[in-house]
Structures are given as C-alpha cells and as structure tokens.
Amino acid sequence: MRLQCWPARSSRRRTFGLWFELAPREKIDVMTTDERIAKLEEQIDELRGKLTDLHRQLTKAQLDQWHGRIEDLEVQMHLGAMETSDRLNGLMAGLRSRWADARKQVEDRTS
C-alpha cells in the first residue's frame with residue numbers, strides 16, 4: 001500500500017484523512033488478527049520445512065566432505081606404500097649386491 005501526502009482538496013485522488021491519500025487502483029488489504037496469526041503460522045511452517053531441508057543438505061554435504069577426506073587418505077596411503085616399496089626394493093638390491101660381492105670373495109679365496 002502506498003500512501004502519498006496531497007492536499008485534501010485534490011480531485012484526482014480519493015482522500016483518507018486530511019493529508020494522506022491512496023493512489024488510484026491500489027487495494028487496501030485489511031487483515032483481522034486471526035487471519036494475520038494464521039498467515040504467520042503458515043509462514044513459520046514453511047520456514048520449518050525449509051530449515052529441515054537445509055539440515056538435510058548440510059548433512060549430505062558433510063558426509064560427502066568426509067568421503068572425500070577418506071579417499072584422499074587412501075591415495076596418500078597408496079602413495080606411501082609405493083614410496084616404501086621403492087625404498088625397500090632399493091635396499092634389497094643393495095643387500096643382494098653385497099651378498100653377491102661377499103659370495104664372490106669367498107669363492108675367490110677358496111679357489
């Protein structure tokens with residue numbers, strides 16, 4: 001509702017009181033207290049529904065976030081296992097090389 005201040009004698013507008021007038025073609029919505037309460041209760045119910053939906057979305061987003069974290073940890077675990085395997089393979093190759101050198105030295109002494 002839009003009220004405008006005009007002289008009360010204006011012929012173009014309908015007068016409501018001495019100085020305030022309603023622009024033409026505007027409807028005045030008058031609600032009783034019970035109607036207002038009913039409308040507010042309806043809005044509260046709608047907002048509760050939206051809140052419930054937002055809680056569901058938040059819960060799903062948090063679960064998705066934890067799933068992503070777990071997948072990242074799995075990747076890190078596999079990368080760590082590969083790095084450890086590479087290190088162990090290098091150590092085993094060095095150990096075999098030393099064993100082969102020791103064996104050769106023993107064979108050279110006994111021959």
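So, here's what we can say about the structure. Note that this is a predicted model, so its numbers are computed, not measured. (Residues numbered from 1 in each chain as written. Predicted model: local features only at pLDDT ≥ 70, side-chain atom pairs only at ≥ 80, totals over all residues. Heavy atoms only, no water.)

**A look at the environment of Thr 84**
Along the polypeptide, Thr 84 turns up in helix α1 (residues 33-110). At 2.8 Å, the side chain of Thr 84 forms a polar contact with the backbone oxygen of Gly 80. (Helix = DSSP H or I, 4+ residues; strand = E, 2+ residues; numbered from the N terminus. Polar contact = N/O pair within 3.5 Å; in protein donor to acceptor, adjacent residues only side chain to side chain.)

**Here we look at a nonpolar patch on the surface**
Taken together, the side chains of Val 75, Leu 79 and Met 82 make up a nonpolar region of the molecular surface, amounting to roughly 290 Å² of accessible area. Within the secondary structure layout, Met 82 lies in helix α1. Since its relative accessible area comes to 52%, Met 82 is described here as exposed. (Patch = residues over 30% accessible without salt bridge, like charges linked within 9 Å, V, L, I, M, F, W, Y side chains within 5 Å. Areas by Shrake-Rupley, 256 points an atom, 1.4 Å probe, with all protein chains shown as cover. Salt bridge = Lys/Arg side-chain N within 4 Å of Asp/Glu carboxyl O. Buried < 20%, exposed > 50% of the residue type's maximum accessible area, 1.4 Å probe, protein only.)

**A short note on the pattern of salt bridges**
Oppositely charged side chains can pair when the atoms bearing their charge come close. Under the criterion given, the structure shown has 4 salt bridges. A salt bridge links Glu 107 to Arg 103; the nearest nitrogen and oxygen atoms lie 3.1 Å apart. Placement of the pair is Glu 107 and Arg 103 together in helix α1, with a separation of 4 residues, close to one helical turn.

**Comments concerning the packing of aromatic side chains**
Applying the stated criterion across every chain, the model contains 0 aromatic pairs. Sitting over the face of the ring of Trp 66, Arg 69 holds its NZ or CZ atom 4.5 Å from the ring centroid. (Phe/Tyr/Trp six-rings, centres within 6.5 Å; stacked < 30°, edge-to-face > 60°. Lys NZ or Arg CZ within 6 Å of the ring centre and 35° of its normal.)

None of this, on its own, says anything about what the molecule does.
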